[in-house]
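Here is what each chain is made of, one letter per residue.
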Amino acid sequence: MIKILFFARLQEEIGKDSLNIEKAGLTVDQLKQWLEKEHGLQSLDQTMAAVNEDYADGSEVLKEGDTVALIPPVSGG
Amino acid sequence: MDTRYSRQELFSGIGKEGQKRLQEKHVLVLGAGALGSASAETLVRAGVGTLTIIDRDFVEWSNLHRQQLYTEADAEHNHPKAIAAKERLQSINKDTTVKAYVLDAKADNLKKLVQDADVVIDGSDNFDIRFIINDLSQKYRVPWIFGAFAGSFGMSYTFLPEKTPCLQCILSTIPSSSMSCETSGIIAPAVQMTSAHQTTEALKILTNQEESLRGTLLLFDVWNTQQQSIRTDKIKKTDCPSCGKERTYPYLVHEQDTKLEVLCGRNTVQIRPSEKKEYDFNTLASELKQHGNVRKNSYILICTLSDCRLAIFQDGRVLIHGTKEIDKAKHLYHRFIAKEKE
Ligand SMILES: [Zn+2]
């Protein structure tokens, strides 16, 4: 199982702050595409990702038990 | 004996030595909105030697719930934020030298200000300016502390030239759309939390304790009580155009002097004349009175038309509130303000 944490606008779009899915083996980019498709999220191109609190690039492969944080940039100041 | 900073000096992380260092340092706060207000107040109270604060905007009623330096009178009279901030900050601590500029920050006018600072606190509200700060920070080796928020969510990172990755390493491009408080709202605790992390890091830098810096990209949601502290050790890019070996500082080189700019998420267009001009507010006021209600102070003149509002600054800048359309803004600008030249 993989745990996904949603921040900022993603929380509002998906209606919850986390989601558990059986998707070990996907890359971070593939996970983003899956979320866009299955959960109708707007583009995640510019959304940053961290796996187990390590900054992750799109090619990182997700393992069983990972926690993925998806972080869209916010700009308010 | 002077007891002003006694409780802060008692804190082992600061001490008498740290307090002395703070009093010798210079902070640049870029933006006097919510984050800028909160951070400036904390650092002035802490006793930093010099604080420079800049902002291009004026106080409005919709700012008051989160921008802690301002009062109803500031909103009532449309005081420029930089000026209102300075007044309040100076009344909080007369020992800090507070400098304030009503200024639309750009690479050229920020250059000197960044060079003079020991640390830059990000209180800006858009990524265009943050990429410019990032390049200036790298070029002049001045650390900067990023902060941003939306809703109940905030994030912060401390950029140390030559040590940490830079903004370009983390984001690679300016986000085309990002949540701002205009689009998703904001609660003040998210501001205070973001600012608290920024100023804590600033206190470490100002007291020469870089080894104590957090080192992670911090994000949090104060409403849902979530937090992530993300390690960034692997992401510094050797070929980064801003901090790499063959750096070109792209946001300093390619800066175009934008004349018309839609302010993101604000239903506002800013027009900046290519050459600086100074208005005679009295003449302008008597002309504009025929078209709508006019209010002014020595920095800004505001004219409310039927569906738009013109805010004209002493330096020539005009904000046209109530439209996102460049053509409409341009039309209003030429009709009411710059007509003699056309
Ligand atoms: Zn970089």
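As a reminder, the structure under discussion sits directly above these lines.
Let us look at the structure shown here. Computed from a predicted model, the values in this text were never measured in an experiment.

**Concerning the overall build of chain A**
Scanning chain A for helices and strands turns up two helices and five strands. Helices and strands appear in chain A in the N-to-C order β-α-β-α-β-β-β. The C-alpha atoms of chain A give a radius of gyration of 12 Å, which matches the 11 Å a tight globule of 77 residues would have. Principal-axis analysis of the C-alpha atoms places the extent of chain A at approximately 35 × 25 × 20 Å. Out of the 77 residues in chain A, the part that is buried amounts to 49%.

**Here we look at the interface of chain A and chain B**
How big an interface is tends to be expressed through the accessible area that disappears when the partners come together. With 23 residues of chain A at the contact, the number on the chain B side is 39 residues. Taken together, both faces of the contact between chain A and chain B bury some 2600 Å²; the carbon and sulfur share is 56%. Counting across the chain A and chain B interface gives one salt bridge. Inspection of the region where chain A meets chain B yields 13 residue pairs in polar contact (both at pLDDT 80 or more). Looking at the side of chain A that touches chain B, the elements that each hand over two or more residues are strand E1 (2-6), helix H1 (9-14), strand E3 (48-51), strand E4 (54-56) and strand E5 (67-71) of chain A.

**Quick notes on the nonpolar core**
Within the largest apolar cluster, 43 residues are counted, with the highest numbers of intra-cluster contacts made by A:Ile71, B:Leu30, B:Leu110 and B:Met155. Broken down by element, this core gets its largest block of residues, six residues, from helix H7 (residues 127-140) of chain B. Once residues within four sequence positions are removed from consideration, A:Ile71 is found in contact with A:Phe7, A:Thr47, A:Met48, A:Ala49, A:Ala50, B:Phe153, B:Met155, B:Leu219 and B:Ile230. Counting residues in each nonpolar core, the second largest holds 32 residues, with B:Ile14, B:Ala32, B:Ala84 and B:Val119 among its members.

**Some words on the layout of surface pockets**
What the second largest pocket holds in volume is close to 450 Å³. Along the walls of the second largest pocket sit 23 residues, with A:Tyr55, A:Ala56, A:Asp57, B:Ile170 and B:Lys237 positioned nearest its centre. Taken together, the elements giving at least two residues each to the lining of the second largest pocket come down to helix H2 (28-39), E3 and E4 of chain A together with helix H8 (167-171) of chain B. The residue makeup of the lining of the second largest pocket, split by class, is eleven nonpolar, five polar and seven charged.

Rules and cut-offs
Residues numbered from 1 in each chain as written. Chains lettered and ligands numbered in written order. Predicted model: local features only at pLDDT ≥ 70, side-chain atom pairs only at ≥ 80, totals over all residues. Heavy atoms only, no water. Helix = DSSP H or I, 4+ residues; strand = E, 2+ residues; numbered from the N terminus. Rg over C-alpha atoms; globule rule 2.2 N^0.38 Å. Buried < 20%, exposed > 50% of the residue type's maximum accessible area, 1.4 Å probe, protein only. Contact = heavy atoms within 4.5 Å. Buried area = accessible area lost by both parts, 1.4 Å probe. Salt bridge = Lys/Arg side-chain N within 4 Å of Asp/Glu carboxyl O. Polar contact = N/O pair within 3.5 Å; in protein donor to acceptor, adjacent residues only side chain to side chain. Core = buried A, V, L, I, M, F, W, Y, C linked by side-chain atoms within 4.5 Å. 1 Å grid on protein atoms, 1.4 Å probe; cavity = no way out; pocket = protein on both sides within 12 Å on 5 of 7 lines; lining within 4 Å. Points joined across faces, edges and corners; volume = space filled by probe spheres on them. Nonpolar A, V, L, I, M, F, W, Y, C, P; charged D, E, K, R; others polar.

Function cannot be read off these values alone, since they describe shape.
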